[in-house]
2 protein chains.
Amino acid sequence: MPDTINSLTEDIAFIAYIDGLKNVVRVNRLFDGSRQENTAEHSWHAALSALILAPYANEPVDVDKVIRMLLIHDLIEIEAGDTFAYDQPDVLARQEQLEIDAAQVVFGKMRSPLREELRALWDEFEARVTPESKFAKAIDRFMPIYSNIHNGGEIWLKHGVSVGQVRQNIAIVREGSTQLADQAEEMVAKAAREGVLVT
Amino acid sequence: MPDTINSLTEDIAFIAYIDGLKNVVRVNRLFDGSRQENTAEHSWHAALSALILAPYANEPVDVDKVIRMLLIHDLIEIEAGDTFAYDQPDVLARQEQLEIDAAQVVFGKMRSPLREELRALWDEFEARVTPESKFAKAIDRFMPIYSNIHNGGEIWLKHGVSVGQVRQNIAIVREGSTQLADQAEEMVAKAAREGVLVT
């Protein structure tokens, strides 16, 4: 147990700081299409969805580790802002560097040993090698595909997103869950037939 | 592993349903005071704060269980709406019955065995007997005290909330974390001196 009041003061300062994630507005809209989603509520939805969808993971996963990963996976957006998965490659590459710099700032505000623990968890998520990170990434990529299907794909149409582009994301879903990827493929094929995606 | 496509269809229907928690608007405002908070982003903030504040729990806790509890603790608000902790006792009593009815509806939409698992977790949270539920409730009650302190207490002033009323919530924080309760007491005493709370 931390034995000084100073530790608690520092820890709750970090809690006030991460409230900023509620002000990071994503390109994607809610399932009912009523407004853009923010990254804090997306993180909640992804973490709880991991618990619900754990039986469909390709490999056995420590679901609590997946949940922790999804709770912190976008903290860096407090500094770096949101990335739209269908941005141009040069924009995405620049964003990746921004996020690495942001990780130094964000995790640097935490006290040890949580700083190292959560930074390692974020690095693991980004590397997508372990069963937990593959599954966490699958959930993270599935959510906006599903919400866009649900709300009529306004954002896909607005940005001229193609079936091919969405399938690149489904390939990442597939690394973590074949069943979830098959489900996404089926949804996307239907959306393409209905003209919601550029074919 | 669920062996039918039907299970996955049902599970992702539930994921679309709980998106509704992002539309439940709380009385409390963000830490920067810019807008009212919604219950989905509050749930994210509380779950991650539990991880950060776990060292201050009065008793050893299974922090992953606390996180799961906080991820689902307010799902019933999709049906019952938000409760303001400083409402009149008759309003709070009516809300409590609404929430019990809502739990039947919300958890009833899940498949077994997750339905029973998460319902049991919610019942445990509400009963506030186990170390995990006491600590989860402490976090849940601490968050709005802290955000109100942080944003200048606009909501407390608007609703004429008194130091005595906030202290009733601090007593619940104390059941889970004496250190966090002491911190809250200190903040509240300062806010009272500054005229943010009715003394």
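As a starting point, this report considers the structure included with it. Sequence positions are assigned chain by chain, starting from 1 and proceeding in written order. Each chain gets a letter, beginning with A, and each ligand a number, beginning with 1, in the order they are written. Reporting of local features is limited, given that this is a predicted model, to residues whose pLDDT is at least 70; pairs of side-chain atoms are given and counted only at 80 or more, and all residues count toward the totals for whole chains, interfaces and linings.

**Comments concerning unusual backbone geometry**
Trans is the common state for peptide bonds, and a negative phi is the common state for residues other than glycine.
Residues and elements named next belong to chain A.
Then comes step 1: Cis geometry marks the peptide bond from Ser 112 to Pro 113; its omega dihedral reads 0°.
Then comes step 2: Unlike most non-glycine residues, Arg 128 shows phi in positive territory, near 55°.
Then comes step 3: Put plainly, a residue is buried at 20 or more neighbouring C-beta atoms within 10 Å of its own, exposed at 12 or fewer, and partly exposed in between, counting only other residues' C-beta atoms, which are placed from the backbone. Overall, Arg 128 belongs to the partly exposed group, with 15 C-beta atoms counted inside 10 Å.

**Things to note about the pairing of strand β1 (residues 25–29) of chain B**
Then comes step 1: Two strands pair under a simple rule: DSSP has to find at least two bridges between them. Starting at the N terminus, helices and strands are each numbered in turn, a helix being any DSSP run of H or I of at least four residues and a strand any DSSP run of E of at least two. Where β1(B) meets strand β2 (residues 36–38) of chain B, two bridges bridge the pair, whose relative direction is antiparallel. By the bridge assignment, Arg29(B) is partnered in β2(B) with Gln36(B).

**Looking at the packing of helix α7 (residues 131–150) of chain A against helix α9 (residues 163–176) of chain A**
All names here are of chain A.
Then comes step 1: Interhelical geometry of α7 versus α9 gives an angle of 145° and a closest axis separation of 7 Å. Like other packed secondary-structure pairs, α7 and α9 cross with a definite hand, here left-handed. Contacts between α7 and α9 involve Lys 134, Phe 135, Lys 137, Ala 138, Arg 141, Phe 142 and Ile 145 from the former and Val 166, Asn 169, Ile 172, Val 173, Glu 175 and Gly 176 from the latter.
Then comes step 2: Partitioned by chemical class, the residues of the contact of α7 with α9 number seven nonpolar, two polar and four charged. Convention adopted: a line fitted to C-alpha atoms gives each axis, helices being fitted over their contacting stretch, and angles between N-to-C directions are expressed from 0 to 180 degrees. By convention the crossing between two helices is left-handed if the near helix lies anticlockwise of the far one by an angle smaller than a right angle, and right-handed if it lies clockwise. C-beta atoms are first placed from the backbone for all residues, and any pair lying within 7 Å is then listed as a contact. For this scheme, ten residues count as nonpolar: Ala, Val, Leu, Ile, Met, Phe, Trp, Tyr, Cys and Pro. Four count as charged, namely Asp, Glu, Lys and Arg, and the remainder, Gly too, count as polar.

**Notes on the relation of the copies chain B and chain A**
Then comes step 1: Superposing copies: least-squares fit, C-alpha atoms only, residues required to have pLDDT of at least 70 in both. For the pair chain B and chain A, the best superposition has an RMSD of 0.0 Å and corresponds to a rotation of 180° with a translation of 0.0 Å parallel to the axis. Expressed as a symmetry operation, the mapping of one chain copy onto the other fits a two-fold axis.
Then comes step 2: Of all interface residues in chain B, 100% are interface residues in chain A too; the two copies therefore contact each other through one and the same surface.

**Re the environment of Ser177(B)**
Then comes step 1: Position of Ser177(B) among the secondary structure elements: in the loop between α9 (163–176) and α10 (178–193).
Then comes step 2: Each C-alpha atom, one on Ser177(B) and one on Ala136(B), is 9.8 Å from the other, the two residues being 41 residues apart in sequence.

**Section: the interface of chain B and chain A**
Then comes step 1: Chain B puts 37 residues into the contact, and the matching count from chain A is 37 residues.
Then comes step 2: When residues of the side of chain B that touches chain A are traced back to their parent elements, those giving at least two are α1 (5–18), α2 (39–53), α3 (63–72), α7 (131–150) and α10 of chain B.
Then comes step 3: Broken down by element, the residue count for the side of chain B that touches chain A peaks at eleven residues, all from α2(B).
Then comes step 4: Its residues placed into classes, the side of chain B that touches chain A shows 24 nonpolar, seven polar and six charged.

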